[in-house]
Every structure is written in structure tokens, then in C-alpha cells.
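Structural features, examined
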Amino acid sequence: MRLTITRLALLAAAGFALASCQSGSKTTPPPSGKSASLLAMEQVAIAAHKCWIASKDPAFKPYQMANELNSYSGTPRFLLVPAKHYGGKPLLVVQAQGNSRKVDVFGPLMAEPLGARIGSDIARWHAGNSSCAAAA
């Protein structure tokens, strides 16, 4: 019996020694699991919500934001829809696709006077500046 315990102890020690010799990636962080498009859209959507909706900006009072960032189609996006008709036709679509950081903006609001502001806000937020107003 004493011989069996000694053998088990030696076997366990050998196993630990062998495991400690295994090489592993020491500099590569674990992947976040998020695509480039989702990362880009999260950045833009957070700023849009903060600056347009949560701030109660009068220009965006007639609209509400519908987030669809958890898209299984690989197209994370958010929509602006009429505030009184959440299921209504989207008036603005901001989206990215696949593994690209490119953000597309389209919809009827882009043809309105507000479209120029929307375009500049989205471009600024996409570039990493999360401020609500363009620098003067």
C-alpha cells in the first residue's frame, strides 16, 4: 500500500511538472468576441443616445432611438423612429456591417435640414470624439 501511495505522489508531481512546461500565449489578450462593426456602433450609439435623446435636445424630441446592436445578422444598428409611433417606419438608420468599422447613415432625415448635423455628429463620434457639439 505504501508503494502505491508513493507512486501516485510521483505521478502527480510529474504531471504538475509537465503542465508547467507547456507554452502558452502570454501577450495576447483574450478576444472580446465583438466584431469591428459592433465596437464602432457601440461607440456611436452611446454618444447619439447621450447627445440626442438623454440630453432632451429639442431637435430630436420628435424621435426616439431603437437600438438593434445585438443583431445576429452581423449588422449592428440603431434607428430613429417617430416618438409617438415606436413601430413606425425608421426615419434614420445608422449601421455597420460585418467586420468593418465603416458606419453607414441613411433615411429620410438625412434629406432634412437636420441631416447635415446628423452627418457631422456621426462622423465626429465615429472618429472617437464623444462630445455633443462640434468644436467651434
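Since the model is a prediction, treat every value here as computed from it, not as a measurement.

Rules of the game
Numbers given to residues run from 1 along each chain, matching the order in which its sequence is written. This being a predicted model, a pLDDT of at least 70 is required before a residue's local features are given, and a value of 80 or more before pairs of side-chain atoms are given or counted; all residues contribute to the totals for chains, interfaces and linings. As a convention, hydrogens and water are excluded, and side-chain values are obtained from all of the structure's heavy atoms. Only DSSP runs of H or I reaching four residues or more are called helices, and only runs of E reaching two or more are called strands; each is numbered from the N terminus. When accessible area is computed with a 1.4 Å probe and restricted to protein chains, residues below 20% of their type maximum are described as buried, those above 50% as exposed, and intermediate ones as partly exposed. We call a pair of cysteine sulfur atoms a disulfide when they lie within 2.5 Å. Any two strands are treated as partners once DSSP identifies two or more bridges connecting them. The pairing test for Phe, Tyr and Trp rings, Trp by its six-membered ring, is centres within 6.5 Å, and the orientation test on the planes gives stacked under 30 degrees, edge-to-face over 60, and tilted for anything in between. Comment: axis = line fitted to C-alpha atoms, over the contacting stretch for helices; angle = value between 0 and 180 degrees taken between N-to-C directions. With respect to orientation, any angle under 35 degrees is reported as roughly parallel, any angle over 145 as roughly antiparallel, any angle of 65 to 115 as roughly perpendicular, and every other angle as oblique. Should the near helix be turned anticlockwise from the far one by less than a right angle, the crossing is left-handed, and should it be turned clockwise, the crossing is right-handed. Only heavy atoms enter the contact rule, under which two residues are in contact if any of them lie within 4.5 Å. Following the grouping adopted for this structure description, the nonpolar residues are Ala, Val, Leu, Ile, Met, Phe, Trp, Tyr, Cys and Pro, the charged ones are Asp, Glu, Lys and Arg, and the polar ones are all others, Gly among them. pLDDT expresses how confident the predictor is about each individual residue, on a scale running from 0 to 100. To estimate how far a helix should extend, the number of its residues minus one is multiplied by 1.5 Å.

Positive phi, normally seen in glycine, also occurs at Lys-56, with a value near 60 degrees. Among the secondary structure elements, Lys-56 is positioned in the loop between helix H2 (36–54) and strand S1 (63–68). Lys-56 sits in the exposed class, given a relative accessible area of 69%.

We now examine the state of the cysteines. Enumeration over the complete set of coordinates arrives at one disulfide. A disulfide bridge connects Cys-51 with Cys-132, and the sulfur atoms are separated by 2.0 Å. Judged by the torsion about the S-S bond (-80 degrees), the Cys-51/Cys-132 disulfide is left-handed. Residue Cys-51 is located in helix H2, and its partner Cys-132 is located in the segment after helix H3 (114–126); the two are separated by 81 residues in the primary sequence. Classification of Cys-132 as partly exposed rests on a relative accessible area of 34%.

The next thing to look at is the pairing of strand S4 (residues 103–106). The sheet contact formed by strand S3 (residues 92–96) and S4 spans four bridges and is antiparallel. Bridge pairing in S4 places Val-94 opposite Val-105. Counted along the chain from S3 to the antiparallel partner S4, the turn is six residues long, and its residue Gly-98 has a positive phi close to 60 degrees.

The subject of this paragraph is the packing of aromatic side chains. Working definition: an aromatic ring pair is given by the centre-to-centre distance plus the angle between the planes. The full count for this structure, using the stated rule, is three aromatic pairs. Aromatic pair Trp-52 and Phe-60: ring centres 4.4 Å apart, planes at 10 degrees, arrangement stacked. Relative accessible area serves as the criterion here: at 2%, Phe-60 is assigned to the buried category. Arranged with centres 6.5 Å apart and planes meeting at 65 degrees, the rings of Phe-60 and Tyr-63 form a pair that is edge-to-face. No difference in accessibility class separates Phe-60 from Tyr-63, as the two residues are buried. Grouping aromatic residues by their ring pairs yields a cluster made of Trp-52, Phe-60, Tyr-63 and Trp-125.

Turning next to the packing of H2 against H3. Where H2 contacts H3, the axes come no closer than 9 Å and their chain directions differ by 130 degrees. Our classification of the angle between H2 and H3 gives oblique. H2 and H3 meet at a crossing whose hand is right-handed. Across from Ala-40, Gln-43, Val-44, Ala-47, Ala-48, Cys-51 and Trp-52 in H2, the residues of H3 making contact are Arg-117, Ile-118, Asp-121, Ile-122, Trp-125 and His-126. Among the residues making up the contact of H2 with H3, the classes are represented as nine nonpolar, two polar and two charged.

The next subject is the confidence of the model for the protein. With 73% of its residues at a pLDDT of 70 or more, the protein shows a mean pLDDT of 81. The model gives residues 24–30 a pLDDT under 50, and that stretch makes zero contacts with residues more than four places away or in other chains.

For the rest of this paragraph, the subject is H3. In a regular helix each residue adds 1.5 Å, so 13 residues correspond to 18 Å; H3 covers 18 Å between its end C-alpha atoms and thus fits that length. Regarding H3, the residues found buried are Leu-114, Gly-115, Ile-118, Asp-121, Ile-122, Arg-124 and Trp-125. Buried residues along H3 sit in contact with H2, S1, strand S2 (77–82), S3 and S4. Once H3 ends, the next one or two residues include Gly-128, with phi positive near 110 degrees.

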